[in-house]
Amino acid sequence: MAAQETNLDIMDSSQSSSDENDALINDLPSAMFWDVMQIKKWQGFWFEPGLIKCAMKFNSSFDAKHDDVLLASSPKTGTTWLKALCLCILHQNHNIPENEDLLTKDNPQYHVQTIESSIYSTKPTPDLYGTSSPKLFHTHLPFSFLPDSIKNTSCKIVCVARNPKDTLVSLWHFFNSIFRANQEPYPLEKAVEEFCRGVHQYGPYFENVLSYWLESRKRPEKILFLKYEEMIKDPKGEVKKLALFLGKPIENEEDLEKVVWRCSLDRLRNLEVNKNGSVIYGVPNGSYFRKGMVGDWKNYLNSEMEDRINQTTLIKFQGSGLEFDN
């Protein structure tokens with residue numbers, strides 16, 4: 001009877017905590033993202049309400065192991081590519097045959113799941129350590145939202161970031177494909193304005209990116225900060241740097257070339273598994289691979305839009321030392 005009462009106490013406590021979180025979220029400032037989704041402002045960032053509950057649970061309950069690797073990114077900054085690379089470096093032999101390559105079996109989003117949107121959203125207390133170490137996780141959350149167990153252990157963080165103009169254009173294409181597949185695209189002028197004000201899913205972009213950049217400058221042994229443009233320009237050099245940081249150095253040139261090829265955007269885009277199906281909330285696997293080029297924003301943004309983002313970037317990143325190629 002005592003054990004049963006204890007279990008009931010735990011359930012009551014959990015329900016009470018959930019109710020308190022619901023009340024807190026309901027009282028947060030609200031906005032509409034692209035006229036289709038309500039988002040709430042929590043601790044300076046905007047999220048769909050369900051994500052806030054998952055982020056709260058992640059922050060309060062996640063117990064990081066010392067050999068965990070957390071990948072971090074603001075949306076549409078190179079997330080899928082980074083997931084593929086880290087999966088290949090940590091969990092695959094460079095000489096595996098094609099039919100054993102994990103990337104041919106499922107989208108990288110399946111193999112390296114985003115904690116707040118794919119793990120805690122499906123299971124309130126997920127078993128995260130049922131598979132082999134080191135564990136690979138991903139988050140779109142800013143550094144300040146991470147649990148203390150991640151910040152204060154020797155587990156490593158790899159962050160990838162991208163020029164804000166290309167990030168915005170990639171976001172625009174991605175969310176148009178999801179929310180407005182059979183409609184006119186969301187007005188780009190409005191998307192630019194909302195991006196600069198930070199009122200978008202996981203926004204603001206600038207503060208998110210800056211949180212990891214500043215921390216990586218303090219603790220380079222803890223956080224590796226990669227720039228998408230540099231990965232495009234020198235993939236072998238950046239992959240070699242990434243592998244060394246992960247404790248899996250690749251010295252052989254042929255092995256390095258295999259990893260770069262295996263995870264290249266062209267190869268991933270053309271794999272059969274990424275032409276069909278979906279991993280997350282019905283989002284088509286193919287939508288994670290568009291052009292992937294640097295400077296594509298020039299095909300979409302007019303001079304006024306460009307200037308709006310440039311001025312915001314200058315203000316937000318001033319004095320940080322963070323700069324991106326155009």
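Residues numbered from 1 in each chain as written. Predicted model: local features only at pLDDT ≥ 70, side-chain atom pairs only at ≥ 80, totals over all residues. Heavy atoms only, no water.

- As recorded in an unreviewed UniProt entry, the protein goes by Sulfotransferase and comes from Anisodus tanguticus.
- Note on the protein: under the UniProt heading Sequence similarities (unreviewed entry), the record states "Belongs to the sulfotransferase 1 family." (UniProt positions renumbered as here; feature names shortened; annotations may be inferred.)

**Details of the pairing of strand β4 (residues 69-73)**
Part 1: Most of β4 sits inside the fold, with 5 of its 5 residues counted as buried.
Part 2: Taking every second residue as pointing to the same face, both faces of β4 are buried, with V69, L71 and S73 on one and L70 and A72 on the other.
Part 3: Where β4 lies against strand β5 (residues 136-139), 4 bridges are found, and the strand directions are parallel. Across the sheet, residue V69 finds its bridge partner in β5, namely L136.
Part 4: Pairing of β4 with strand β6 (residues 156-161) involves 5 bridges; the strand directions are parallel. Bridge assignment links A72 to a residue of β6, and that residue is C159. (Buried < 20%, exposed > 50% of the residue type's maximum accessible area, 1.4 Å probe, protein only. Helix = DSSP H or I, 4+ residues; strand = E, 2+ residues; numbered from the N terminus. Pairing = 2+ DSSP bridges.)

**Some details on the sheet that holds strand β3 (residues 45-47)**
Part 1: Taken together, the 3 strands give an open sheet; going across it, the order is β1-β2-β3, and neighbouring strands pair in antiparallel fashion. Only two strands of the sheet have a single neighbouring strand rather than two, namely β1 (30-33) and β3. Put simply, the sheet's adjacent strands are angled 40° from each other on average, direction ignored.
Part 2: In terms of strand pairing, strand β2 (residues 37-42) meets β3 through 3 bridges, oriented antiparallel. Within the sheet, the bridge partner assigned to K41 lies in β3 and is W46.
Part 3: The sheet strands contacting helix α2 (residues 49-61) are β2 and β3, and the helix crosses β2 at an angle near 40°. (Axes fitted to C-alpha atoms, helices over the stretch in contact; angles between N-to-C directions. Contact = heavy atoms within 4.5 Å.)

**Topic: the nonpolar core**
Part 1: By size, the foremost hydrophobic cluster in this structure holds 63 residues, and its most contacted members are F47, I150, I157, L168 and L301.
Part 2: If we ignore the near neighbours within four places in the chain, the residues touching L301 are K165, L168, V169, L188, V192, E306 and I309.
Part 3: Ranked by size, the runner-up nonpolar core spans 34 residues in total, among them L224, L226, A243 and L265. (Core = buried A, V, L, I, M, F, W, Y, C linked by side-chain atoms within 4.5 Å.)

**Quick look at the packing of aromatic side chains**
Part 1: In this structure the tally under the stated criterion is 23 aromatic pairs.
Part 2: When the centroid spacing of 4.7 Å and the interplanar angle of 10° are considered together, the rings of W34 and Y186 count as stacked. One end of the pair, W34, is in the loop between β1 and β2; the other, Y186, is in the loop between α7 (164-179) and α8 (188-197), with 152 residues separating them in the sequence. This pair shows no difference in class: W34 is buried, exactly as Y186 is.
Part 3: Pairing W213 with F225 gives two aromatic rings, centres 5.1 Å apart and planes at 75°, and the pair type is edge-to-face. Linking W213 in helix α9 (residues 205-218) with F225 in strand β7 (residues 223-227), this pair joins segments that are 12 residues apart in sequence. In terms of burial, W213 and F225 fall into one category: buried.
Part 4: One aromatic cluster is present, built from ring pairs that chain together F33, W34, F174, F175, F179 and Y186.
Part 5: Here K156 stacks its cationic end above the ring of F245, 4.8 Å away from the centre of that ring. (Phe/Tyr/Trp six-rings, centres within 6.5 Å; stacked < 30°, edge-to-face > 60°. Lys NZ or Arg CZ within 6 Å of the ring centre and 35° of its normal.)

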